[in-house]
Amino acid sequence: MAELAYRDALNQALAEEMERDPRVFLMGEEVARYDGAYKVSKGLLDRFGSARVVDAPISELGFGGLGVGAAMAGLRPIIEMMTWNFAILAMDQIVNSAAKVRHMSGGQLRCPIVFRGPNGAGGRLSSQHSQALEANYAHFPGLKVIAPGTPADAKGLLKSAIRDENPVIFMEAELLYGLKGEVPEGEYVIPIGKADVKRPGSDVTLITWSRMLTAQVLPAAEQLAQSGIDVEVIDLRTIKPFDHEAVAASVKKTNRVVIVEEGWGYAGFGGHIVDFIQRELFDDLDAPVIRVHGLDVNMSYAANHEPLIQPSVARIVDAVNKVLYR
């Protein structure tokens, strides 16, 4: 085990997979000579050369499509989007080509590609650069969506994503790049679609993913513990497919659920989880499920407004008290 920053865990995964499989290459804006906008690809150009670490022009639609074509031709591209906000420009290639080519070719063509980059709020980046967009991609059949919240999970899941035979949307919370944690060295792979119990508990289940885990949910759980409330924290890690079994096991134990997501509530992924719980686990519930999410407004540029728009420890604590009828 070694303590690594989130960005360095991703870098380690990229390097290991590029070493393991010569078909793997990285392409994106500033990934080569600049070492990546967030330094995730630091040192990879010197190690693997310009044929496998490729600086792309500012055209997400263009290099996204190039990656899809390369995957269909037998390579295993990793396409870095400088931010998932910019990937909106490549939605056609992602959801109309990558996600559908296996189905529309009757299985004759595959598209083993990873689209990855920062997601969610940054620091004073305003409305166009602060969106948590995982629910958008989870909506489309053919895509797997991953949103790890710790350095170890980032490494293990990125390696699995690169090896997967399907297109994978890999969302790295922008504000997590500096987060440090213990990361296994060498071969370390986490299966896609498996949640993790980050904190066992018996009174209420908190379900979350990505940055909300360490930024808000675990601190809220610790605060609630001081008042005698034992919270279980489920980190989904993978949005699609999501771990129904892990959620069901926790709900059957605690009988109360709060879902915390950075994105907007309207048509957010938390709504899908609520649907599953009320449909399959209704008799196990002792209270309605409550969602804590970003406010349904555009992100403000003002630093004092940003935390008011996003989920907070106080809002999570309030929601837990409500499902406990306190």
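Here we look at the nonpolar core
Right, so step 1: If you look at the biggest cluster of nonpolar residues, it comprises 48 residues, and the most contacted ones within it are Phe115, Tyr137, Leu236 and Ile277.
Right, so step 2: Each residue touching Leu236, except ones within four places of it in the same chain, is listed here: Lys194, Ala195, Ile207, Thr208, Trp209, Phe242, Val247, Phe269 and Ile273.
Right, so step 3: In terms of nonpolar packing, the next biggest core, distinct from the first, is built from 30 residues, Ala15, Val24, Ala154 and Phe170 among them.

Some points on the pairing of strand E5 (residues 114–119)
Right, so step 1: In terms of burial, E5 is largely enclosed, as six of its six residues are buried.
Right, so step 2: Pairing of strand E4 (residues 76–80) with E5 involves three bridges; the strand directions are parallel. Bridge pairing in E5 links Ile79 to Phe115.

Describing the sheet that holds strand E3 (residues 53–55)
Right, so step 1: Across the sheet, which stays open at both edges, the seven strands sit in the order E3-E2-E4-E5-E7-E6-E12 with mixed pairing between neighbours. Each edge of the open sheet carries a strand with a single partner, namely E3 and strand E12 (238–240). Across this sheet, the average inter-strand angle for adjacent strands is 20°, counted without regard to direction.
Right, so step 2: As defined by bridge partners, strand E6 (residues 144–146) adjoins E12 across two bridges and the pair is classed as antiparallel. Bridge pairing in E12 links Ile146 to Thr238.
Right, so step 3: Its contacts with the sheet put helix H1 (residues 6–20) on strand E2 (24–28), E3, E4, E5 and strand E7 (168–173), and the angle it makes with E7 is roughly 150°.

Notes on helix H9 (residues 244–254)
Right, so step 1: Looking at H9, one finds that the buried residues are Ala246, Val247, Ala248, Ser250, Val251 and Thr254.
Right, so step 2: The elements touched by buried residues of H9 are strand E10 (204–208), strand E11 (231–235), strand E13 (257–264) and helix H10 (269–280).
Right, so step 3: Sitting at the amino-terminal end of H9 is Asp243, which places a side-chain oxygen 3.3 Å from the backbone nitrogen of Glu245.
Right, so step 4: Downstream of H9 by a residue or two, Asn255 has a phi angle that is positive, lying close to 70°.

What about the sheet that holds strand E14 (residues 290–294)?
Right, so step 1: A sheet is described by the order of its strands in space; here five strands give the open sequence E9-E11-E10-E13-E14, paired in mixed fashion. Every interior strand has two partners, whereas the edge strands, strand E9 (196–199) and E14, have only one. With direction set aside, neighbouring strand axes in the sheet form an average angle of 25°.
Right, so step 2: Pairing between E10 and E11: five bridges, direction parallel. Along E11, the bridge assignment pairs Ile207 with Ile234.
Right, so step 3: Each of E9, E10, E11 and E13 touches helix H8 (residues 212–225); the most contacted strand, E11, lies at about 170° to it.
Right, so step 4: Contacting E10, E11 and E13, H9 runs over the sheet at an angle of about 155° to E10.

The rules behind each value
Residues numbered from 1 in each chain as written. Predicted model: local features only at pLDDT ≥ 70, side-chain atom pairs only at ≥ 80, totals over all residues. Heavy atoms only, no water. Core = buried A, V, L, I, M, F, W, Y, C linked by side-chain atoms within 4.5 Å. Buried < 20%, exposed > 50% of the residue type's maximum accessible area, 1.4 Å probe, protein only. Contact = heavy atoms within 4.5 Å. Helix = DSSP H or I, 4+ residues; strand = E, 2+ residues; numbered from the N terminus. Pairing = 2+ DSSP bridges. Axes fitted to C-alpha atoms, helices over the stretch in contact; angles between N-to-C directions. Polar contact = N/O pair within 3.5 Å; in protein donor to acceptor, adjacent residues only side chain to side chain.

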